[in-house]
Amino acid sequence: MSFRIAPSILAADFLHLEKDIRLVNECGDVIHLDVMDGTFVPNISFGFSVIDHVAKIAEAPMDVHLMVVHPERWFEKIASEGAAMCSFHLEAAGDGSADFLARIRSLGMQAGLVINPDVPVERLFPYIGKADYFLIMSVFAGFGGQKFIPESLARVSALRDEIARRGNSAIIEIDGGINLSNVRSVRDAGVSLAVAGSSVYGAADPAAAIRALREA
Ligand code: DX5
Ligand code: ZN
């Protein structure tokens, strides 16, 4: 299975965002966009004024990770931006999750369901067949630059095994603290799309960092 890298622009240089988006167009696979509302998570990142600009020059697919309450309010707007992937947290959506996944799909996007590290991975199992991808947070959502939680590996492999057991083809994305020291192990555990913020944009040579992560 192909292994792709999604640089998170949360760690990009917002004074020179065009340069950091073009880097993903040229060297990365997916543009990861973290939207935070200051309520679901204790931080505020950016909203549509930034995404509007990113969309104008994005050639790589855009992956919007909603860390907000009432994620469903934004699905249509995100689709209209041309995003290929849109995910929301199970903790935010609760019983609405299956319906929200269907709505994202009906808007022509791949639908993703996310959980924080303190949510049992089995809580995702009822959504196998309803989601195109699952995003396992390997840090608590809200901030870039945190340390990878190693227990995430067992969560990924448990999910991978259950997806395979059901003959489903959903992919597993991971987000938080990914760097050269752990990328091989997340790939071996079953991740096929790895988000990387600080380890890409904090590197002296971000293009080389993306390649090294992909080939690790
Ligand atoms: C955290 C965000 C991540 C973040 C990852 O809430 O969802 O996408 O940008 O940043 P790093 O790779 O620095 O942990
Ligand atoms: Zn994210």
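A brief report on the enclosed structure follows. For clarity, every value in this text was computed on a predicted model and none was experimentally measured. (Residues numbered from 1 in each chain as written. Chains lettered and ligands numbered in written order. Predicted model: local features only at pLDDT ≥ 70, side-chain atom pairs only at ≥ 80, totals over all residues. Heavy atoms only, no water.)

What follows covers the nonpolar core. When a protein is soluble and globular, its nonpolar side chains tend to lie buried together. Residues Ile9, Ile31, Val54, Leu66, Phe88, Phe134 and Leu159 are the most contacted members of the largest nonpolar core, which totals 65 residues. Look past the residues within four positions of leucine 66 in its chain and what remains in contact with it is Val35, Pro71, Phe75, Ile78, Cys86, Ser87, Phe88 and His89. The next biggest cluster of nonpolar side chains, apart from the first, holds nine residues, and it includes Phe40, Met67, Val114 and Leu135. (Core = buried A, V, L, I, M, F, W, Y, C linked by side-chain atoms within 4.5 Å. Buried < 20%, exposed > 50% of the residue type's maximum accessible area, 1.4 Å probe, protein only. Contact = heavy atoms within 4.5 Å.)

The environment of ligand 1 is made up of 20 residues, and the closest members are Asp34, Gly142, Asp175, Gly197 and Ser198. The separation between an oxygen atom of ligand 1 and a polar side-chain atom of serine 8 is 2.8 Å. At 2.7 Å, a side-chain N or O of aspartate 175 approaches an oxygen atom of ligand 1. Expressed as a share of its isolated accessible area of 380 Å², the protein-covered part of ligand 1 is 99%. Here ligand 1 occupies the largest pocket. Counting residues per element, the shell around ligand 1 draws most heavily on strand β2 (residues 31-36), at three residues. (Near = heavy atom within 4 Å. Polar contact = N/O pair within 3.5 Å; in protein donor to acceptor, adjacent residues only side chain to side chain. Areas by Shrake-Rupley, 256 points an atom, 1.4 Å probe, with all protein chains shown as cover. 1 Å grid on protein atoms, 1.4 Å probe; cavity = no way out; pocket = protein on both sides within 12 Å on 5 of 7 lines; lining within 4 Å. Sits in = over half its atoms within 2 Å of the grid points. Helix = DSSP H or I, 4+ residues; strand = E, 2+ residues; numbered from the N terminus.)

Counted as a void, the largest pocket has a volume near 350 Å³. If you go around the largest pocket, you meet 29 residues; those closest to its centre are Phe143, Gly144, Gly145, Gly176 and Gly177. Mapped onto the lining of the largest pocket, the elements with two or more residues apiece are β2, β3 (62-67), β8 (193-196) and α8 (198-201). Its residues assigned to classes, the lining of the largest pocket comprises 13 nonpolar, 13 polar and three charged. (Points joined across faces, edges and corners; volume = space filled by probe spheres on them. Nonpolar A, V, L, I, M, F, W, Y, C, P; charged D, E, K, R; others polar.)

Moving on to the packing of aromatic side chains. One pass over the full model with this rule turns up five aromatic pairs. Here phenylalanine 14 and phenylalanine 46 contribute two aromatic rings whose centre-to-centre distance is 5.8 Å and whose plane-to-plane angle is 45°, an arrangement assigned as tilted. Of this pair, phenylalanine 14 sits in the loop between β1 (4-7) and α1 (17-27) while phenylalanine 46 sits in the loop between β2 and α2 (48-57), placing them 32 residues apart in sequence. Taking the centre distance of 5.9 Å and the plane angle of 40° together, the rings of phenylalanine 75 and phenylalanine 88 count as tilted. Remark: phenylalanine 88 occurs in strand β4 (residues 85-89) and phenylalanine 75 occurs in helix α3 (residues 75-80); sequence separation between them is 13 residues. The class for phenylalanine 75 is buried, based on a relative accessible area of 1%. (Phe/Tyr/Trp six-rings, centres within 6.5 Å; stacked < 30°, edge-to-face > 60°.)

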